[in-house]
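Descriptive structure summary
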2 protein chains.
Amino acid sequence: MDLRVGTGALAERLSNLIGPRASLARGVLDQHGRSESYYPAMPPDIVVFPETTQEVGAIVRLCAEAGTPIVPFGAGTSLEGNAASVAGGVCIDFARMNKVLAVHAADMDVVVQPGITRKQLNAELRTTGLFFPIDPGADASIGGMSSTRASGTMAVRYGTMKDNVLALEVVLADGRVIRTARRARKSAAGYDLTRLFVGAEGTLGVITEITLKLHPIPQAISAATCSFPTLHDAVDTAIALIQSAVPAARIELLDDVMIRGINAYSRLGYQETPTLFLEFHGSEAAVAEQAQTAEAIAIEHRGRGFAWAKAAEDRSRLWHARDNTLYAGLGLRPGARAVITDVCVPISRLADCLTQTRRDADANGFIAPIVGHVGDGNFHMLILVDPDDPNELAGAKALQARMVARAIALDGTCTGEHGIGLGKVDYLQDELGDAVAVMRAIKAALDPNGLMNPGKILADGALP
Amino acid sequence: MDLRVGTGALAERLSNLIGPRASLARGVLDQHGRSESYYPAMPPDIVVFPETTQEVGAIVRLCAEAGTPIVPFGAGTSLEGNAASVAGGVCIDFARMNKVLAVHAADMDVVVQPGITRKQLNAELRTTGLFFPIDPGADASIGGMSSTRASGTMAVRYGTMKDNVLALEVVLADGRVIRTARRARKSAAGYDLTRLFVGAEGTLGVITEITLKLHPIPQAISAATCSFPTLHDAVDTAIALIQSAVPAARIELLDDVMIRGINAYSRLGYQETPTLFLEFHGSEAAVAEQAQTAEAIAIEHRGRGFAWAKAAEDRSRLWHARDNTLYAGLGLRPGARAVITDVCVPISRLADCLTQTRRDADANGFIAPIVGHVGDGNFHMLILVDPDDPNELAGAKALQARMVARAIALDGTCTGEHGIGLGKVDYLQDELGDAVAVMRAIKAALDPNGLMNPGKILADGALP
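Here the structure is a predicted model, which means the values were calculated and not measured. (Residues numbered from 1 in each chain as written. Chains lettered and ligands numbered in written order. Predicted model: local features only at pLDDT ≥ 70, side-chain atom pairs only at ≥ 80, totals over all residues. Heavy atoms only, no water.)

Some details on the environment of A41 of chain A
Here A41 of chain A is to be found in the loop between α2 (26-31) and β2 (46-48). With 40 residues separating them in the primary sequence, A41 of chain A and G81 of chain A have C-alpha atoms 9.4 Å apart. (Helix = DSSP H or I, 4+ residues; strand = E, 2+ residues; numbered from the N terminus.)

Following this line, the structure appears as structure tokens:
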């Protein structure tokens, strides 16, 4: 006997629960089916806008009874179809759960709801002398960033979401609410459930509250750009910087194709060769010393035209250009969509991985700018495709597959920060083999009916 | 039908597998039943000394067939009975798996076997310019440190084991071998199994290989001590230091009782009031600047007698005294054993937690020195007891229970770094409530027969 209720009956129950904050409007459904990447639209059947954890719990229980999939949704900026409603169901949009619940300035932490974006959060923190450093480029939601284990430009100095989430409140698949940890800076109390839900992409439960570490706003900040004749020289500079213990806050690499893109998009005049974007945080004296060391190291590795940006507006222009690489990249081929992919390798293998990937894209006729968080060995390629040409899309996916295979062969990972989502389910198996069976066992234990964001991370959310 | 084979038959099978490296000798068994804490001896039935991951896999399979518990064992320095053989069974001693398997200097990582100790590792790294900073005081094994999510004096700067383990090789309860991650610096590929096994105390699988992050040896190191009239002043200094963004490498607090202990044990002449032990790492100029800032902050908070130790031998004497607090503490009451306990609270609550705990111990007539990693809000109390007086032991445990309850009420954790082991199973429930049910579900999924280090973390390793 199938005990599941139909979408109509579920919609009525949800509507009884939260009134017009359960929506079936076509426009709303469509908006929650799209993403910034090349995936086709996969809209949910219903979108709900809860305002409290209790409401999320009740929604999850109704969905569990109905046997209906649940897909959490933040700012919609994920890149691997992480929030696509592959099997329809109920999309939980956290737009109305976007508050700062508590700032603990002495403890340098903050408790937030999942819908707040990183820029909103930093705006609210303005008067505290503290900031939240994780910057994936897009103005993503903190819930989404937690769920995909986001990192971005400042991870080389401040870590990823894994390192900056202190505790979570999570609604489990049966509607129970748990807290994964207390607010202590560290703990050895039992299994690390915080890290289990960070990066689980909503497949094990729905995050409803996040406690984040904050950091003191540095006294001084200095940024710089520097051009290099080859990718190798730029990467060698990054390696030498890190080994010299200079605590760079950002070490970003843009290849010649990407520089061409941002020159056009942001009307800039960078030399069109591989370029490092650097930033240093600290006291006035420490930043000056770091900058001096960095410049010397870059020059040793054939760096040219070291240009410093100390004034806030100069730095802002520089990082604005860097943050817009997605749109700048798309501008290189008007009308194109991007297959956006990222891998991460040990930094000693990075130059080889980058160079071979660049060559592979060129040889196959793709415009495919590369941008990387090279301090971590992580880089992205935007493979520009005509969305109406299935051959091109197939070619781009094959190029991506070779890039991932190369990264795995170099002891790297199929994704440094975008997550597995829909696009990398098979690669996860290539990368981790039998470990995926352990993930499946955990999934089956915590979500036995496979309703939590199905199809993501583990193919079809199936039981082992 | 009970398919389990008896210990005798299992011993024979193990002996067939690894010859004399499976031991039933009384002395060997006893040695693996003791710990540095107050727990009574709980020896295993058999001790095995494998040399390869394959052997560990075969041992685990034989134990699984026999229905016999498996307890991994490193240096035996854990403090909560984490490696006690509560149900007998087979103890896997990693003494013969203590090699450095690969140093990747450019990537600043190292692959090691679990039996190597942190001091052995740093000795092997001597020529690389790199070091492994996690320092729990004791010369613990890397496998044990991973399993208990150890941290220690330098966590405030370099993080805990959670932050410094890149990847693990693990033998699962059925003998399968998995790798939890590749060697990339970060990854968003699926569930964070690395962090799941770090801190699991061997209850989910046996760690057989660890890939660790390394850090550049700082160009300059400077250490100092400073006395304060009250615990509050010392803690306020630590808070101000952290908020000023001074990246202190160590911020250790010893209370007046502990100072009395190390003065006697190490023949030192510190003033017997709460004292901070500090250390700074960086370039010459950066360390000088940090030291200057720290001294100014300490003086603002009534710090007195700031004494710098720049020469390596002076620093070594200072940290040797700090590292020996366990023995120095025991020296305050000859013949005593210590109930050693640790909690961790948000730093804004630390001074209250410390002061109340100090008062509680004094009011109940215990000699109970306190030492803390105050930069993290983490502190230890050594409650000295006559091991032959059950009333005293009960009183000490009650004092510990009040300390833990206080920490949890202040939004802290029942253990910052010792782990749950045997001693804190009930407190884990008090701290995390329903989240413990999630831990039980994971335990049941990965170790359905409850043979992996039973009795630790989750009471009796029972199924949910």
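Side note on the packing of helix α1 (residues 7-18) of chain A against helix α3 (residues 53-66) of chain A
Residue and element names in this part refer to chain A. At a minimum axis distance of 10 Å, the contact between α1 and α3 shows a crossing angle of 165°. By the criterion of interaxial angle, the relationship of α1 to α3 is roughly antiparallel. In this structure, the crossing between α1 and α3 has a hand that is right-handed. Within the contact between the two elements, α1 uses L10, R13, L14, L17 and I18 and α3 uses E55, A58, I59, L62, C63, E65 and A66. (Axes fitted to C-alpha atoms, helices over the stretch in contact; angles between N-to-C directions. Parallel < 35°, antiparallel > 145°, perpendicular 65-115°, else oblique. Left-handed = near helix turned anticlockwise from the far one by under 90°. Contact = heavy atoms within 4.5 Å.)

Considering the domain arrangement of chain A
Residue and element names in this part refer to chain A. If you check the domain split of chain A, you get domain 1 (7-95), domain 2 (100-216), domain 3 (220-326) and domain 4 (333-427). Relative placement of domain 2 and domain 4: their C-alpha centres are 28 Å apart. Listed by partner, the interface residues are 9 residues for domain 2 and 9 residues for domain 4. Linking domain 2 to domain 4 there are 0 salt bridges. For the pair domain 2 and domain 4, the number of links is 4 residue pairs in polar contact (both at pLDDT 80 or more). Among the residues making up the side of domain 2 that touches domain 4, the classes are represented as 3 nonpolar, 4 polar and 2 charged. (Domains from an automatic or database assignment. Salt bridge = Lys/Arg side-chain N within 4 Å of Asp/Glu carboxyl O. Polar contact = N/O pair within 3.5 Å; in protein donor to acceptor, adjacent residues only side chain to side chain. Nonpolar A, V, L, I, M, F, W, Y, C, P; charged D, E, K, R; others polar.)

As for the pattern of salt bridges
According to the stated counting rule, one finds 58 salt bridges over all chains in the structure shown. Between K186 of chain A and D376 of chain B there is a salt bridge whose closest N-O contact spans 3.2 Å. On the criterion of chain membership, the pair formed by K186 of chain A in the loop between β9 (177-179) and α8 (193-197) and D376 of chain B in the loop between β17 (370-373) and β18 (378-385) is interchain, its members lying in two chains. For D376 of chain B, a relative accessible area of 8% translates into the label buried. With a shortest N-O distance of 3.2 Å, E279 of chain A and R250 of chain A are connected by a salt bridge. Taken together, the residues span a long stretch of sequence, with E279 of chain A in strand β14 (residues 275-282) and R250 of chain A in strand β13 (residues 250-254) at a distance of 29 residues. In this structure, E279 of chain A and R250 of chain A share a single accessibility class: buried. Three or more residues joined by partner-sharing salt bridges are found here, namely R21, E51, E55 and R96 of chain A. (Buried < 20%, exposed > 50% of the residue type's maximum accessible area, 1.4 Å probe, protein only.)

Brief notes about α1 of chain A
Since the α-helix turns once every 3.6 residues, residues separated by three or four places project in the same direction. Taking 1.5 Å of rise per residue, 12 residues should cover 16 Å, and α1 of chain A covers 16 Å from first to last C-alpha, within 8% of that figure. Tucked into the core, α1 of chain A has its buried residues touching β1 (22-23), β2, α3 and β4 (90-93) of chain A. (Expected span 1.5 Å × (residues − 1).)

Remarks on the interface of chain B and chain A
In this assembly, 83 residues from chain B lie in contact with 83 residues from chain A. Looking only at chain B, the three residues that lose the most surface to chain A are R182, K186 and Y191 of chain B, adding up to 16% of its buried area. Connecting chain B to chain A are 6 salt bridges. The closest approach of N and O atoms between R183 of chain A and D411 of chain B, which form a salt bridge, is 3.1 Å. For the pair chain B and chain A, the number of links is 33 residue pairs in polar contact (both at pLDDT 80 or more). Mapped onto the side of chain B that touches chain A, the elements with two or more residues apiece are α7 (161-164), β9 (177-179), α8 (193-197), α9 (231-243), α11 (284-300), α14 (347-363), α16 (425-432) and α17 (435-446) of chain B. In the side of chain B that touches chain A, the residues fall into 41 nonpolar, 20 polar and 22 charged. (Buried area = accessible area lost by both parts, 1.4 Å probe.)

Here's the deal with the relation of the copies chain B and chain A
The operation relating chain B to chain A is a screw motion whose rotation component is 180°, with 0.0 Å of axial translation and a residual RMSD of 0.0 Å. Expressed as a symmetry operation, the mapping of one chain copy onto the other fits a two-fold axis. (Least-squares fit on C-alpha atoms with pLDDT ≥ 70 in both.)

Remarks on the side chain of N82 of chain A
Residues and elements named next belong to chain A. Tracing the sequence through the fold places N82 in the loop between β3 (70-73) and β4. Side chain to side chain, N82 and E201 meet in a polar contact 3.3 Å long. With residues near it in sequence (within four places) discarded, N82 still touches T148, E201, H418, G419, G421, N453 and K456.

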